[in-house]
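Close look at the chain arrangement
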Amino acid sequence: MAKQNDFKNMSYVGEFTYLDLYRPKKWNNIARKYDTFDPESGTGAYSISWTLDAKEAKSFEQTCMDHFESCKANSKKIGNFGKLHCMRENDDGTFLVTAKLNASNQFGVRRPVVVGKMMQQMDDLDLWGGSKGAIKFSISPQPNPSDNSHGISAYIQKIQITEPKYGEDDDGVFVREDEPETAPSAAQESKLKDVALIT
C-alpha cells in the first residue's frame, strides 16, 4: 500500500470522455466484460476518463515519471518502472487518462464526491461522455504483481460537473431540461466549501 507522501495531487479542467460515477464496475476475466454492481455492495470501482493530445500526454507522462522516481528514491519496496496504469494511447494518436475510486476501503462503502456548478451535491450521476467540468485527482506508484514492477495509477479525489450531459433512450423524441440551479444556502455552502474546485 502506498504511503501518504507517495501521492501527488493534480487537476484537470475540460471535457470528460467516459464517466462511470453512477455504479461501480469490475472487470470479469471469464466473461471478458465489465460487471456493474450496486453502490452499497462496495464491489468494483468508479472511474472517469479524459482525452489528451500527444503534447499534453507527454507532459503528463513526464510528471508521472518524475513522481515515480522521487518515490522510488525514498522507498526500497518500489521496484522498477513498468508502465502508466492510468493512461493508454487511442487509435487516433490521442491518449486516454483514467482516474478511479474503489467502491470501498478499510472504512467501508464510499462513493465519489461530485458537485455541480453551484457547488451543490449532484444526485444524478448517470452522466455521459461530453460532460464538462473539473477533477482533482492524485497519482501514486502501484505494484504490478505479474512482473514485480511498479506503475503509476490515478485516483479520484473530487469532481465538479459544470456542463452535464445525459443520454436519452427515446430516439430524441423527448427534450430533457434540468431544473434551474439555485444558489446554495449558507449551511450548504459551508458544508460543501471543502469540495470546491472551480467557480
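Residues numbered from 1 in each chain as written. Predicted model: local features only at pLDDT ≥ 70, side-chain atom pairs only at ≥ 80, totals over all residues. Heavy atoms only, no water.

Between its first and last C-alpha, helix α1 (residues 54-73) extends 28 Å over 20 residues, near the 28 Å set by a 1.5 Å rise per residue. Those residues of α1 that fall on the buried side of the exposure criterion are Ala57, Phe60, Cys64, His67, Phe68 and Cys71. Viewed end-on, α1 has its buried residues packed into an arc of 105°, placing them on one side of the element. Projecting away from the buried face of α1 at angles above 90 degrees are the exposed residues Lys55, Lys58 and Ala73. The backbone nitrogen of Lys55 has a side-chain oxygen 3.2 Å away, supplied by the residue at the start of α1, namely Asp53. (Helix = DSSP H or I, 4+ residues; strand = E, 2+ residues; numbered from the N terminus. Expected span 1.5 Å × (residues − 1). Buried < 20%, exposed > 50% of the residue type's maximum accessible area, 1.4 Å probe, protein only. Arc of directions from axis to C-beta. Polar contact = N/O pair within 3.5 Å; in protein donor to acceptor, adjacent residues only side chain to side chain.)

Let's shift gears to the packing of aromatic side chains. Applying the stated criterion across every chain yields a total of 8 aromatic pairs. When the ring of Tyr12 is compared with that of Phe16, the centres are 5.7 Å apart and the planes differ by 65°; the resulting orientation is edge-to-face. Taking the relative accessible area as the measure of exposure, Tyr12 reaches 15% and is therefore buried. Between the aromatic rings of Trp27 and Tyr34, the centroid separation amounts to 5.0 Å while the plane-to-plane angle is 70°, which identifies the pairing as edge-to-face. Members of the aromatic cluster, each reached through a chain of ring pairs, are Tyr12, Phe16, Trp50, Phe60 and Phe137. (Phe/Tyr/Trp six-rings, centres within 6.5 Å; stacked < 30°, edge-to-face > 60°.)

A word on the environment of Trp27. Positionally, Trp27 belongs in strand β2 (residues 18-28). When its relative accessible area of 36% is taken as the criterion, Trp27 is described as partly exposed. Along the chain, Trp27 and Ala45 lie 18 residues apart, while their C-alpha atoms are 9.7 Å from each other. Every residue in contact with Trp27, bar those within four places of it in the chain, is listed here: Arg32, Lys33 and Tyr34. A polar side-chain atom of Trp27 sits 2.9 Å from a polar atom in the side chain of Asn29. (Contact = heavy atoms within 4.5 Å.)

In terms of nonpolar packing, the biggest core is built from 34 residues, with Leu21, Ile48, Trp50, Phe60, Ile135 and Phe137 touching the most fellow members. Elements with a contribution of two residues or more to this core: β1 (8-15), β2, β4 (45-52), α1, β7 (95-102), β11 (132-144) and β12 (149-163). Filtering out sequence-adjacent residues up to four positions away, Leu21 remains in contact with Tyr46, Ser47, Ile48, Pro112, Val114, Leu125, Leu127, Ile156 and Ile159. (Core = buried A, V, L, I, M, F, W, Y, C linked by side-chain atoms within 4.5 Å.)

Now for the pattern of salt bridges. Tallying each qualifying case throughout the model produces 4 salt bridges. Close ionic contact of Asp20 with Lys25 constitutes a salt bridge, the shortest N to O distance being 3.1 Å. A salt bridge links Arg111 to Glu40; the nearest nitrogen and oxygen atoms lie 2.8 Å apart. One end of the pair, Arg111, is in the loop between β9 (108-109) and β10 (113-115); the other, Glu40, is in the loop between β3 (33-36) and β4, and 71 residues separate them in sequence. For Glu40, a relative accessible area of 54% puts it in the exposed group. (Salt bridge = Lys/Arg side-chain N within 4 Å of Asp/Glu carboxyl O.)

It is worth spelling out the confidence of the model for the protein chain at this point. Across the protein chain, the average pLDDT comes to 86, with 81% of residues at 70 or higher. When the criterion is pLDDT under 50, residues 179-185 qualifies, and its contacts beyond four places in sequence or with other chains add up to 7 contacts. (pLDDT = per-residue confidence, 0-100.)

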